[in-house]
Amino acid sequence: MSRSIDCQSSIQVNDRSYHIYSLSTMASPATLERLPYALKILLENLLRHQASAYVSQDDIAALCNWDANAEPDIEIAFTPARVILQDFTGVPAVVDLAAMRDAMSALSGNPDLINPLAPVELVIDHSVQVDKFGSASALEENNDIEFERNQERYQFLRWGQSAFSNFKVVPPNTGIVHQVNLEYLGRVVFGEQRDGQWYAWPDTLVGTDSHTTMINGLGVLGWGVGGIEAEAAMLGQPVTMLIPQVVGFKLEGSLPEGSTATDLVLTVTQMLREHGVVGKFVEFFGDGLSHLPLADRATLGNMAPEYGATCAIFPVDAESLRYLRASGRSEEQIQLVEAYMRHQQLFREDGAPAADYSSSLELDLGEVLPSIAGPSRPQDRILLSAAKQTFQRDCDQQLALRQPRNNGEERFANEGGDTAVGNSHWDQTCAPVNDRGKSYQLKDGAVVVAAITSCTNTSNPAVMIAAALLARNAVARGLQVKPWVKTSLAPGSRVVTTYLKKAGLLDDLEALGFYVVGYGCTTCIGNSGPLPEAITRAIQDNDLAVCSVLSGNRNFEGRIHADVKMNYLASPPLVLAYALAGSMNVDLSRDALGEDPHGKPVHLKDIWPDSREIHDFIAANIDAGMFRKSYGSVFAGDTRWNGIDIPAGQKFAWQADSSYIQNPPYFENMSREVPTIEAIRDARCLVKLGDSITTDHISPAGNIDPDSPAGQYLQDLGIAPEHFNSYGSRRGNHQVMMRGTFANVRLKNQLAPGTEGSHTTHFPSGELMSIFAAAMRYQQEKVPLLILGGKEYGTGSSRDWAAKGTLLLGAKAVIAQSFERIHRSNLIGMGVLPLVFLDGESADSLQLKGNERYTIAGLDDGKAKRVKVTATADDGSSTEFECRVRLDTPQEVEYYRHGGILHYVLRQLAGTS
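Residues numbered from 1 in each chain as written. Predicted model: local features only at pLDDT ≥ 70, side-chain atom pairs only at ≥ 80, totals over all residues. Heavy atoms only, no water.

### Looking at the sheet that holds strand E33 (residues 866–872)
Where we set the bar: Strands pair, by our definition, only if DSSP identifies at least two bridges between them. Secondary structure elements follow DSSP: runs of H or I of four or more residues count as helices, runs of E of two or more count as strands, with numbering from the N terminus. Convention adopted: a line fitted to C-alpha atoms gives each axis, helices being fitted over their contacting stretch, and angles between N-to-C directions are expressed from 0 to 180 degrees.
Ordered in space as E26-E29-E30-E31-E34-E33-E32, the seven strands form a closed barrel in which the pairing is mixed. Each neighbouring strand pair of the sheet contributes to a mean axis angle of 35°, computed without reference to strand direction. Here E33 runs beside strand E34 (residues 878–885); their pairing, made up of seven bridges, is antiparallel. In the sheet register, Ala871 faces E34, and the bridge partner there is Thr879.

This is the structure we're talking about:
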């Protein structure tokens, strides 16, 4: 196909005519019926951008003729309609744009070309921490602390708002990015006037948070990308991708009494992880969707990164329209959505034939049982009835790592008698605690953090109302949360507290210590704040295996709190139940939560609300007016936000003494010429890692240890530890993040056996030192570096700093058994080569110790599909093996050749200015 396809048409909505690119004018009814919903959205995207240099008629034909069973091998260019950011990833993205303006000037180009071309919305939701809790003043105090800590960052974002067009910021204390996106920012269908004509097209997006997929529940196609890809998308670059396989997931029936959307999503996460959907689209279908509320759909879409899918989408249908109306969207917008989707054969109705899928799964919702997940991965689902037994098994593994007491006594003996709940005599270590006027024994398995938090569940009224009703019933029976539990409620939007107040249920949550602590991600991203000092001391002095329970989506090692070894995901009502029990060493299906004032045992079943009561409360207490009022001035901010001074100028005035914002070194000595890719010779291994290494292991987001390289750097600047803030908040300063790369306290580097954290061995000296110190020494010695990893390398959050830090430490390549999608893309975006061992091979099977010198040859300027790696030991012996090059598309090859996406974009723009 060589000439453009004329497929323009129009639809009439009320008195307005919208120009559209009609699928039915260029594809047969049989083709449209066969294609999954998500691919039809991609097809429209290609048709609308066919005049660009990135889309060919062959691409359009390939998508129309998609083979569901074929391995992906055809590249297309997806141009998202908008970009959404959160502040942890958004600040470094804006830092990069500011640095690109400087670099453009250095290349004698026009710096004004560095400007978003598509709408970009940043929601500040990752910076509030749970410093204060358990009181009515916690919200205000935490907000005050947040602004004090982040003044520099917020000032920088306010500059970005004024310096860049198409860039808006939702200020702090508003909500979580994905919930704000679902409840307000999501358009479903764009309708805009251009040159006097009205046009309509599907809402599509990419976001710098992996849980961008939450909007898939509303029928909007989008997914998480690294900050580097997002920056390129802002500047008009399409997202290049292979036409994906699409896995269909059929849902039937309805959830049984006692099971929640959280139980459903943990079940689906486990099923899809086992099925294998990394790099694929997941699409839900079937008449059962008519019985699935949109909030439940959003919960399922949110967790797509946890099962590894690129996206997890639901088609637009009557439930989508109902939600748009209930969340306060205008009737004009709702009518446009319905008219557009029906015209394009994108509107789902019961009885419609299923599309073609690459593979399919099926679940009867009636079979979903109450569940939790943990202790360190969201896909490790545990039936609630088996939670106690599973916890004891996993805790035994933690106990086996303990060192003997100073007097030589082994620390497996039972010193505490019975558990806090129930009658088990499972061995535990106990530590006496005197805290805030209360004395008690803190034991292994104690729940020290219980957080109702995260966009995953706080966006869902059914589970939030369920938790509040459970609290009401618990208070009525005289139950109290155990004194060692740090409780917090962090709603994803102000709508949540509005309907809880109207229902008269917020007081019941507060009576159990679940006061609102902030409108942000908080505990789910590691912003759990400090534990009381007496509890911290007891945990550290006795090496206790304590736990957190949160209604979030991530529970990776070291993520929630440095002193908490075991982390569990649960629905909001189960979070509250475990807070009442105070321990994971309890069977909630049998053991009592506590006793009422008359000494009568109270079980979970005694206080669990029934589904009819939950739905009645929702119907009586949530209305569209709440959403309109909450979002009526969403970009305005409070007096603290509006009181921040805005720096002037289209180019940012970098401050040499800033500890938050620094000009990154990525573009130093950059020229207009594209460098030649050469072999990587005599590289050393900086870190050798096992399976399931997450971006939390590579780029921690939580507290900064004063004794870590990053902590020492900040103290050298005169910053006291109490003012460190978090790693995530300091991503705008590459000096902090390169020191924080691979600094997770639970990282196990095989080059430093017997240690946890940021330790490695320098070769050939054999000296043990911090990973940062070793990297700097290698740089002085002009020695390139690489990383060795196992399966699922880079699982988790879409942190561009995991790739940026890897590059800044001097790594030229990462060799792993498999990569998670976003991290592989991020590595390429920073010019780091991702390589994969051949099937059946690994670092261990090849007997690689990590102390060898590695040469990677045969790159062929980045175009090779395989390369030869030679690992040479100090005694001269060598091991040769091949690796697959994971530059999957021609565009990825181009990005790698240029040294990364941003370098590629700069050269493209400099050539046109």
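### Digging into the state of the cysteines
How we decide: What counts as a disulfide here is a pair of cysteine sulfur atoms lying within 2.5 Å.
Inspection of the entire model under this criterion finds zero disulfides. Left unpaired, Cys883 is separated from the closest cysteine sulfur, that of Cys685, by 13 Å.

### Description of the side chain of Asp800
Let me state the cut-off plainly: Categorising residues by exposure relies on relative accessible area from a 1.4 Å probe, with only protein chains included: less than 20% of the type maximum marks a residue as buried, more than 50% marks it as exposed, and the intermediate range marks it as partly exposed. Contact definition: two residues touch when any of their heavy atoms are within 4.5 Å.
Inspection of the secondary structure assignment puts Asp800 in helix H29 (residues 800–808). For Asp800, a relative accessible area of 0% translates into the label buried. Residues in contact with Asp800, not counting those within four places in the same chain, are Thr89, Pro92, Gly227, Ile228 and Asn826.

### Concerning the nonpolar core
What counts is decided by this rule: As used in this record, nonpolar core signifies buried Ala, Val, Leu, Ile, Met, Phe, Trp, Tyr and Cys residues forming a set joined through side-chain atoms within 4.5 Å.
Counting residues in each nonpolar core, the largest one holds 304 residues, and the members touching the most others are Phe284, Tyr307, Leu442 and Phe514. Sequence-distant contacts of Tyr307, that is, excluding residues within four places in its chain, are made with Val268, Thr269, Leu272, Arg273, Val277, Val282, Phe284, Leu300 and Ala312. One finds Val130, Phe133, Ala490 and Val517 within the second-largest nonpolar core, a separate group that totals five residues.

### Details of the sheet that holds strand E6 (residues 167–170)
Spatially, E6-E5-E4-E9-E10 is the arrangement adopted by the five strands of the open sheet, whose pairing is parallel. Only two strands of the sheet have a single partner each, and these edge strands are E6 and strand E10 (221–224). With strand direction ignored, the average angle separating the axes of adjacent strands in the sheet is 20°. Bridge analysis of strand E4 (residues 82–86) against strand E5 (residues 120–123) gives four bridges, and the strand direction is parallel. The residue of E5 that forms the bridge with Val83 is Val120. Sheet contacts for helix H8 (residues 227–234): E4, E5 and strand E9 (204–207); angle to E4, the most-contacted strand, approximately 140°.

Read these as geometric descriptors, not functional statements.
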